[in-house]
Amino acid sequence: QVQLLESGGGLVQAGASLRLSCTASGRTASLYNLAWFRQVPGKEREFVARLTWSGGSPHYSDSVKGRFTVSGDSAKNTVYLQMNSLQPEDTAIYYCAAGSMFSGDLTRVVDVRFWGQGTQVTVSS
């Protein structure tokens, strides 16, 4: 099994910043790319940002491009999501996700093999 442990969520005002972290653990953790998804009650879980360990460029959803930055530390199997200029519509549960680096782009729910428990991000106006 691969376990994903998230941290960094919280309550902030519009325009503020947060930094989320997710660490993957387990014998095969290094075989997986890592990504971020988010979900609001009543809506589908949606892709936010993806990191690849192979050296490929990160990928972002259009809604967060230019405001969010994904980065990682391969030695620690950790992915970060720096969220700037947060808006109320960014309010959601943010999930760390792991997918095989040998298949899938990890931009869709169907690409995900393991999920974190989620961390709540709330942005007030």
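Residues numbered from 1 in each chain as written. Predicted model: local features only at pLDDT ≥ 70, side-chain atom pairs only at ≥ 80, totals over all residues. Heavy atoms only, no water.

Colleague: Explain the nonpolar core to me, please; I cannot follow it from the model alone.
Modeller: When a protein is soluble and globular, its nonpolar side chains tend to lie buried together. Counting residues in each nonpolar core, the largest one holds 28 residues, and the members touching the most others are Trp36, Leu81, Met83 and Tyr94. Core analysis: the second largest hydrophobic core is formed by 6 residues, Phe37, Phe47, Leu106 and Val112 among them. (Core = buried A, V, L, I, M, F, W, Y, C linked by side-chain atoms within 4.5 Å. Buried < 20%, exposed > 50% of the residue type's maximum accessible area, 1.4 Å probe, protein only.)

Colleague: Honestly, the side chain of Arg50 in this entry has me stumped. Any pointers?
Modeller: Note that Arg50 resides in strand S5 (residues 46–51). At 5.0 Å, Asp105 is the nearest oppositely charged side chain to Arg50, a buried residue that forms no salt bridge. At 3.2 Å, the side chain of Arg50 forms a polar contact with the backbone oxygen of Ser57. (Helix = DSSP H or I, 4+ residues; strand = E, 2+ residues; numbered from the N terminus. Lys, Arg positive; Asp, Glu negative; His and termini not counted. Salt bridge = Lys/Arg side-chain N within 4 Å of Asp/Glu carboxyl O. Polar contact = N/O pair within 3.5 Å; in protein donor to acceptor, adjacent residues only side chain to side chain.)

Colleague: Whenever I open this one, the pairing of strand S8 (residues 78–83) confuses me. Can you help?
Modeller: For a regular strand, side chains alternate in direction, first toward one face of the sheet and then toward the other. Of all the 6 residues making up S8, 5 are buried; the element is thus mostly covered by neighbouring parts of the structure. Where strand S3 (residues 18–25) meets S8, 6 bridges bridge the pair, whose relative direction is antiparallel. Residue pairing for S8: Cys22 is matched across the bridge by Val79. Where strand S7 (residues 68–73) lies against S8, 6 bridges are found, and the strand directions are antiparallel. Across the sheet, the residue bridging to Val70 is Leu81, located in S8. Connecting S7 to the antiparallel partner S8 that follows it, the hairpin turn spans 4 residues, and Asn77 within it adopts a positive phi of roughly 50°. (Pairing = 2+ DSSP bridges.)

Colleague: Just to check I follow, could you spell out the pattern of salt bridges for this structure?
Modeller: Where charged atoms from two side chains of opposite charge come close, those side chains can pair. Applying the stated criterion across every chain yields a total of 6 salt bridges. Lys65 is the salt-bridge partner of Asp62, the closest N and O atoms lying 3.8 Å from each other. On the basis of relative accessibility, which here comes to 68%, the residue Asp62 falls in the exposed class. Through salt bridges with shared partners, one network takes in Arg38, Glu46, Arg67 and Asp90.

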